[in-house]
Amino acid sequence: MYEQLIKAAINARDKAYAPYSNFPVGAAIISDGKIFEGCNIENASFGATNCAERTAIFKAVSEGHKSIEAVAVIGDVNAYTYPCGICRQVIAEFAKDTKIPIIIIKNEKEYIVKTLEDILPGIFSKEDLNK
Ligand code: THU
């Protein structure tokens, strides 16, 4: 079911710029029905690093697509790499709803599907600003 998105995340990982951590990450999202890929992009000033998920999201948003329907992510080890805390918050900002699937990929055949709510309970969002 998530085959295409998983392939896109794996493909995106090949573009990772991770000379400091040597931990390439690939992500792919569906936003407004379109797939966007992203990789992690590190920097000699480590704090300037951008995660793969945020790269994909920022590409989508900068092209006018602000409604994420699914997120897939894969790290470099044969293990499950979950989105970091900052990426979870950024996903929440643009997620279509709190139940969107977050696909945590180990390899093409093995992956776990969680919802955004599962990995970010008690989400802080724009609604909270109006309370
Ligand atoms: N990284 C991601 O790209 N996504 C995550 O959700 C976890 C961490 C990257 C950032 C950094 O380039 C490398 O993994 C090691 O932390």
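Residues numbered from 1 in each chain as written. Predicted model: local features only at pLDDT ≥ 70, side-chain atom pairs only at ≥ 80, totals over all residues. Heavy atoms only, no water.

Student: Lay out the site of the ligand in plain terms, naming residues and giving numbers.
Tutor: By nearness alone, every residue bordering the ligand is listed as Ser21, Phe23, Val25, Asn40, Glu42, Thr49, Cys51, Ala52, Glu53, Tyr82, Pro83 and Cys84. Bound to the protein, the ligand loses 78% of the 370 Å² it would expose on its own. (Near = heavy atom within 4 Å. Areas by Shrake-Rupley, 256 points an atom, 1.4 Å probe, with all protein chains shown as cover.)

Student: Describe the pairing of strand S5 (residues 111–115), and please don't skip the residues or the numbers.
Tutor: Where strand S4 (residues 101–105) lies against S5, five bridges are found, and the strand directions are antiparallel. Among the inter-strand pairings, Ile103 is bridged to a residue of S5, identified as Val113. Linking S4 back to S5 in an antiparallel pair, the connection comprises five residues. (Pairing = 2+ DSSP bridges. Helix = DSSP H or I, 4+ residues; strand = E, 2+ residues; numbered from the N terminus.)

Student: So what about the nonpolar core? Which residues, and what values?
Tutor: Grouped together as the largest cluster of nonpolar side chains are 22 residues, with contacts concentrated most on Ile29, Ile100, Ile102 and Leu116. Elements with a minimum of two residues in this core: strand S1 (26–31), helix H2 (52–62), strand S3 (68–74), helix H3 (85–94), S4 and helix H4 (116–119). The contacts of Leu116, once residues within four sequence positions are left out, are Arg88, Ile91, Ala92, Ala95, Asp97, Thr98, Ile100, Ile102 and Ile123. In terms of nonpolar packing, the next biggest core, distinct from the first, is built from 11 residues, Ile6, Ala8, Ile103 and Ile105 among them. (Core = buried A, V, L, I, M, F, W, Y, C linked by side-chain atoms within 4.5 Å. Buried < 20%, exposed > 50% of the residue type's maximum accessible area, 1.4 Å probe, protein only. Contact = heavy atoms within 4.5 Å.)

Student: Please set out the packing of H2 against H3 residue by residue, giving values where relevant.
Tutor: Close contact between H2 and H3 brings their axes to 9 Å; oriented N to C, the two are set at 25°. In terms of orientation, H2 and H3 fall into the roughly parallel class. Of the two elements, H2 crosses H3, and the hand of that crossing is left-handed. The segment H2 lies against H3, with Glu53, Arg54, Ile57, Phe58 and Val61 engaging Ile86, Cys87, Val90, Ile91 and Phe94. Tallied by class, residues from the contact of H2 with H3 come to eight nonpolar, no polar and two charged. (Axes fitted to C-alpha atoms, helices over the stretch in contact; angles between N-to-C directions. Parallel < 35°, antiparallel > 145°, perpendicular 65-115°, else oblique. Left-handed = near helix turned anticlockwise from the far one by under 90°. Nonpolar A, V, L, I, M, F, W, Y, C, P; charged D, E, K, R; others polar.)

Student: Got a sec to walk through the UniProt feature "domain: CMP/dCMP-type deaminase" (unreviewed entry) in the protein? Specific residues and values, please.
Tutor: In the numbering used here, UniProt assigns the feature "domain: CMP/dCMP-type deaminase" (unreviewed entry) to residues 1–127. When the span residues 1–127 is considered, its composition is 30% helix and 23% strand, and the gap between its end C-alpha atoms is 32 Å. (UniProt positions renumbered as here; feature names shortened; annotations may be inferred.)

Student: Could you give me a rundown of the environment of Ala72, with the residues and numbers involved?
Tutor: Mapped onto the elements, Ala72 comes out in strand S3. Here the alpha-carbon distance between Ala72 and Ala60, two residues 12 residues apart in the chain, equals 14 Å. Beyond its immediate sequence surroundings of up to four residues, Ala72 is in contact with Leu5, Ala9, Gly26, Ala27, Ala28, Ile103 and Ile105.

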